[in-house]
Amino acid sequence: METYYKGYRFTKDQSEIHPKEVHRLLEQTYWAKGRPLQVVARSMKNSLCFGVFSPDDELVGFARMITDYAVTYYVSDVVIDESHRNKSIGTHLIKFMTESEEVRGLKGVLLTTYAHSFYEKLGFERNAQKCMLRPAGASMHLRQEELPCK
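Bear in mind the structure is a predicted one, so any value in this text is a computation, not a measurement.

Caption draft 1: Highlighting the overall build of the chain. Summing up its helical and strand segments, the chain has four helices and six strands in all. Starting at the N terminus and ending at the C terminus, the chain contains elements arranged as β-β-α-α-β-β-β-α-β-α. Seen through its principal axes, the chain has C-alpha atoms that stretch 60 × 30 × 30 Å. Buried residues in the chain amount to 36% of all 150 residues. Once local pairs closer than 6 in sequence are excluded, the contacts in the chain between residues at least 24 apart make up 56%. In the chain, the 21 positive side-chain charges and the 19 negative ones have mean positions that sit 5 Å from each other.

What follows is the structure in structure tokens.
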């Protein structure tokens, strides 16, 4: 499935979205700069991916969803190339994603540091009091009797 907006093509055909190009886009972000190409490729393999191609057929936007296809989806790695921002491409990318048949009717989740007003106009709501994060490599702080069984 694909759609068009102002000459930009939006697709979820993963065979067209190449990890090297996604890596190039993610290098423009504060949250994924320095992420190894192999990690980008693995994250894409295990996600529902969406790409935006310019009229010249260059990948200029990317986002991915992690989902159980039944209850919840999580939006991650939303990025639009710096030279293509402020053209409503990000808005249309999120619309394309959230209206995708795979996640239609499911609850969406995302984390953002500063783009709250952008996502609110797309139907997301702030809910900071319910969010918890467990960083990679975090250790458990349990008493001996609370430790999980092995």
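Caption draft 2: Looking closely at the packing of helix 1 (residues 19–26) against helix 2 (residues 37–45). Remark: helix 1 packs on helix 2, axes separated minimally by 9 Å, with the N-to-C direction vectors making an angle of 110°. Put simply, helix 1 runs roughly perpendicular to helix 2. Crossing handedness for the pair helix 1 and helix 2: right-handed. Of helix 2, the residues touching helix 1 (which contributes P19, K20, V22, H23 and L26) are L37, V40, A41 and M44. Split by residue class, the contact of helix 1 with helix 2 holds seven nonpolar, one polar and one charged.

Caption draft 3: How the structure looks around the side chain of S43. Inspection of the secondary structure puts S43 in helix 2. With relative accessibility at 15%, the residue S43 sits in the buried group. For S43, the side chain forms a polar contact with the main-chain oxygen of V40, separated by 2.8 Å.

Caption draft 4: Broad picture of helix 1. Of the residues making up helix 1, those classed as buried are V22, L25 and L26. Along helix 1, the residues classed as buried sweep out an arc of 95° about the axis, all on the same side. On its buried side, helix 1 packs onto helix 2, strand 4 (59–67) and strand 5 (72–80).

Caption draft 5: A look at the nonpolar core. Formed by 24 residues in total, the largest nonpolar core has its most connected members in F10, M65, V75, L93 and M97. The set of elements that each furnish at least two residues to this core consists of strand 2 (8–11), strand 3 (48–53), strand 4, strand 5 and helix 3 (89–98). No other element matches the five residues that helix 3 contributes to this core. Other than its neighbours up to four places away in sequence, F10 contacts M1, E2, T3, Y4, Y5, G51, V52, I89, H92, L93 and F96. Of all hydrophobic cores here, the second largest spans twelve residues; its members include L25, V40, C49 and F62.

Caption draft 6: Molecular detail of a nonpolar patch on the surface. A cluster of nonpolar side chains, Y30, W31 and Y114, forms an exposed patch at the surface whose accessible area comes to about 400 Å². Topologically, Y30 is positioned in the loop between helix 1 and helix 2. With a relative accessible area of 51%, Y30 lands in the exposed category.

Caption draft 7: Structural detail: helix 2. Among the residues of helix 2, those classed as buried are V40, S43 and M44. With its buried residues spanning 100° around the axis, helix 2 presents them on a single face. Residues of helix 2 that are exposed and point over 90 degrees away from its buried face: Q38, R42 and K45. In this fold, the buried residues of helix 2 make contact with helix 1, strand 3 and strand 4.

Criteria and cut-off values
- Residues numbered from 1 in each chain as written.
- Predicted model: local features only at pLDDT ≥ 70, side-chain atom pairs only at ≥ 80, totals over all residues.
- Heavy atoms only, no water.
- Helix = DSSP H or I, 4+ residues; strand = E, 2+ residues; numbered from the N terminus.
- Buried < 20%, exposed > 50% of the residue type's maximum accessible area, 1.4 Å probe, protein only.
- Contact = heavy atoms within 4.5 Å.
- Lys, Arg positive; Asp, Glu negative; His and termini not counted.
- Charge placed at Lys NZ, Arg CZ, Asp CG, Glu CD.
- Axes fitted to C-alpha atoms, helices over the stretch in contact; angles between N-to-C directions.
- Parallel < 35°, antiparallel > 145°, perpendicular 65-115°, else oblique.
- Left-handed = near helix turned anticlockwise from the far one by under 90°.
- Nonpolar A, V, L, I, M, F, W, Y, C, P; charged D, E, K, R; others polar.
- Polar contact = N/O pair within 3.5 Å; in protein donor to acceptor, adjacent residues only side chain to side chain.
- Arc of directions from axis to C-beta.
- Core = buried A, V, L, I, M, F, W, Y, C linked by side-chain atoms within 4.5 Å.
- Patch = residues over 30% accessible without salt bridge, like charges linked within 9 Å, V, L, I, M, F, W, Y side chains within 5 Å.
- Areas by Shrake-Rupley, 256 points an atom, 1.4 Å probe, with all protein chains shown as cover.
- Salt bridge = Lys/Arg side-chain N within 4 Å of Asp/Glu carboxyl O.

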